[in-house]
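Overview (structure and organization)
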Amino acid sequence: MKNFASSLPQFRVGDSYLDSLDLKVSILSRGICVHDEIFEKFEKSCRLSRHPRSCNTMFLGDRLPVYVARTGPESPFHMVVREEKPAILHNNEFVTEVEFAPKPSFYTHKTSGGHLYGEMAILQGWDMLSFSYLWPCALAIAGHPCRFCHCGNATLQAVEAKQWMDFRYKPEEVAEIVRYAVEMEPQVKLLQLTAGSTLDPDSEIDRYVEILKAIDKAVGIEKIPPVIFLTPPKDVRLLDKLFDAGAGKIACDMDIWNETLFNEYCPGKAKYTPRQQHLEALLSIADKHGSGRACSVFVAGLEPVESLLEGFTYLSERGIVPLPSPWMPYGVERGNLPTPPGLDYYRTMRHETAKLYLKHNLAVPGTIGSSVCLSRDIWLRKEILAQP
Ligand code: SF4
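Residues numbered from 1 in each chain as written. Predicted model: local features only at pLDDT ≥ 70, side-chain atom pairs only at ≥ 80, totals over all residues.

**A closer look at unusual backbone geometry**
A cis amide bond, omega 5°, links Glu185 with the succeeding residue Pro186. Even without a glycine there, the phi angle at Asn91 is positive, about 45°. For Asn91, the location among the structural elements is in the loop between β7 (85-90) and β8 (93-97). One non-glycine residue, Gln187, lies in the positive phi region at around 60°. With respect to the helices and strands, the residue Gln187 is situated in the loop between α6 (171-184) and β11 (190-193). (Helix = DSSP H or I, 4+ residues; strand = E, 2+ residues; numbered from the N terminus.)

Structural data, given as structure tokens:
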């Protein structure tokens, strides 16, 4: 196993020392049991909520954002109050204190359509606004969610239980939220628009264009050109509509590079929007709009690190930014998926990814990073992580 990167903060965890990125991956892979006393003490003053769908984020010593992936007491990681501060324990031994962001007024507001902002969007990291599921995933509704996807699996469960409600939101409501988050509080610097995949990517593009126009009218799209997570269209020329309307970057998530595993883990994508369709859209964006305008998320931990890095290398060489996000297994009961790999996998991945970001001068959007995805964390520390 490679040694940890010596210039990152170090934490004693059991018999080992982990750096901050190791600790982030370990908590995301294993989950953390948050004791009630944390909510009792910090919920009123910090961005922290007991709601099961909330995106609670803690910050490690070097302002590294980590999603508080709440699980039961079986996790070795627990969060408790220690000397009046939130702290992480591992098997009852102190690891580190953490911080939360201050409580924003954002979640108390409603759109003109009567939706609480928090129903439609979440604040992530320090200053990211993410619309993570603007409409339900048609692949999940058709019975073929990606096996690792929490939203897709929850959607299928709701459909099977006949509890599903279509929650398409008006573009103006999205724009109201963006305006508040950009101009009022917490003055976000990165906007992500994400939704479920659709069976008709062409009309999905038109939906996004309407949203971009509404944002432009409300706040000026150039203030916050969004990253759009998109189902790749068959006709790549349609992608121009999004850039013309002010999109900053477009992500068509391939999730898994290895084709056999892609077909296995992403049965809906394999059936309706195959791997090649993703690849062609990404290549077309990079070719026409330049390096760094196309991105793709990968679920790091579901395929051998060699094939993951083969994909990262292929894409990076063509100006497409690979965005590794660690595999989080809890809550996807029906997936029958592998347990997350050990830290050597993630250390190899981040080392090689940092080298690729440097070599191909690829930028990952954002400021201090996101609560789950590792891409901005790696990019910010690329000189350290790329060291042999
Ligand atoms: S297509 Fe996207 S939203 Fe649908 S199940 Fe897969 S990852 Fe989830």
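**Topic: the domain arrangement of the chain**
Here the chain is partitioned into domain 1 (10-97) and domain 2 (106-385). Listed as interface residues are 16 residues of domain 1 and, on the opposing side, 18 residues of domain 2. Elements supplying a minimum of two residues to the side of domain 1 that touches domain 2: α1 (20-30) and β5 (65-67). In terms of residue count, α1 provides more of the side of domain 1 that touches domain 2 than any other element does, five residues in total. Of the residues contributing to the side of domain 1 that touches domain 2, the split by class is nine nonpolar, four polar and three charged. (Domains from an automatic or database assignment. Contact = placed C-beta atoms within 7 Å. Nonpolar A, V, L, I, M, F, W, Y, C, P; charged D, E, K, R; others polar.)

**Here we look at the sheet that holds strand β3 (residues 33-34)**
Strands sit in the order β3-β6-β7-β8 across an open sheet of four strands; the sheet is mixed. Looking at which strands have only one partner, the edges of the open sheet turn out to be β3 and β8. One ladder, built from two bridges, connects β3 with strand β6 (residues 77-82); its direction is parallel. Its bridge partner being in β6, Cys33 is matched across the sheet by His78. (Pairing = 2+ DSSP bridges.)

**Concerning the site of the ligand**
Taken together, Cys137, Leu139, Ala140, Pro145, Cys146, Cys149, Cys151, Gly152, Gly196, Ser197, Gly268 and Lys269 make up all the residues around the ligand. Residue assignment for the shell around the ligand shows that the elements contributing at least two residues are α4 (138-141), α5 (150-160) and α10 (267-272). (Near = placed C-beta within 6 Å.)

**What to know about the sheet that holds strand β12 (residues 227-229)**
Taken in spatial order, the seven strands of this open sheet run β9-β10-β11-β12-β13-β14-β15, and their pairing is mixed. Looking at strand neighbours, the two that pair on one side only are β9 (122-124) and β15 (320-326), the edges of this open sheet. For this sheet, the mean inter-axis angle between neighbouring strands, taken without regard to orientation, is 25°. Here three bridges tie β12 to strand β13 (residues 249-251), and the two strands are oriented parallel to one another. Note that in β13 the partner of Ile228 across the bridge is Ile250. Along the sheet face, helix α11 (residues 275-289) touches β13, β14 (294-300) and β15 and points at about 140° away from the line of β14. (Axes fitted to C-alpha atoms, helices over the stretch in contact; angles between N-to-C directions.)

**Considerations on the environment of Tyr133**
Following the sequence through the fold, Tyr133 ends up in the loop between β10 (128-131) and α4. In the structure, Tyr133 is positioned 63 residues away from Gly196 in sequence and 6.0 Å away in space, judged by C-alpha atoms. With sequence-adjacent residues up to four places away left out, Tyr133 is seen in contact with Cys151, Thr194, Ala195 and Gly196.

**Let's talk about α6**
Taking 1.5 Å per residue as the helical rise, α6 with its 14 residues ought to reach 20 Å, and the 19 Å between its terminal C-alpha atoms agrees with that figure. The element α6 is largely enclosed, with a buried count of 10 among its 14 residues. For α6, the set of buried residues is Pro171, Glu173, Val174, Ala175, Glu176, Ile177, Val178, Tyr180, Ala181 and Val182. Contacts from the buried residues of α6 go to α3 (117-120), β10, β11 and α7 (201-219). (Expected span 1.5 Å × (residues − 1). Buried ≥ 20, exposed ≤ 12 C-beta atoms within 10 Å, placed from the backbone.)

**Structural notes on the packing of α6 against α7**
Where α6 contacts α7, the axes come no closer than 8 Å and their chain directions differ by 45°. By the angle class used here, α6 and α7 are oblique. Judged by the sense of rotation from one axis to the other, the crossing of α6 with α7 is right-handed. Contact residues: Pro171, Glu172, Val174, Ala175, Glu176, Val178, Arg179, Val182 and Glu183 in α6; Glu210, Ile211, Ala214, Ile215, Lys217, Ala218 and Val219 in α7. Here the contact of α6 with α7 is composed, by residue class, of 10 nonpolar, no polar and six charged. (Parallel < 35°, antiparallel > 145°, perpendicular 65-115°, else oblique. Left-handed = near helix turned anticlockwise from the far one by under 90°.)

**Re the nonpolar core**
The biggest cluster of nonpolar side chains holds 103 residues, and the ones touching the most others in it are Val178, Ile228, Ile250, Ile256 and Phe298. A per-element tally of this core places α6 first, with seven residues. Mapping this core onto the domain boundaries places at least three of its residues in each of domain 1 (10-97) and domain 2 (106-385). In contact with Ile228, not counting residues within four places along its chain, are Leu193, Tyr208, Leu242, Ala247 and Ile250. (Core = buried A, V, L, I, M, F, W, Y, C linked by C-beta atoms within 7 Å.)

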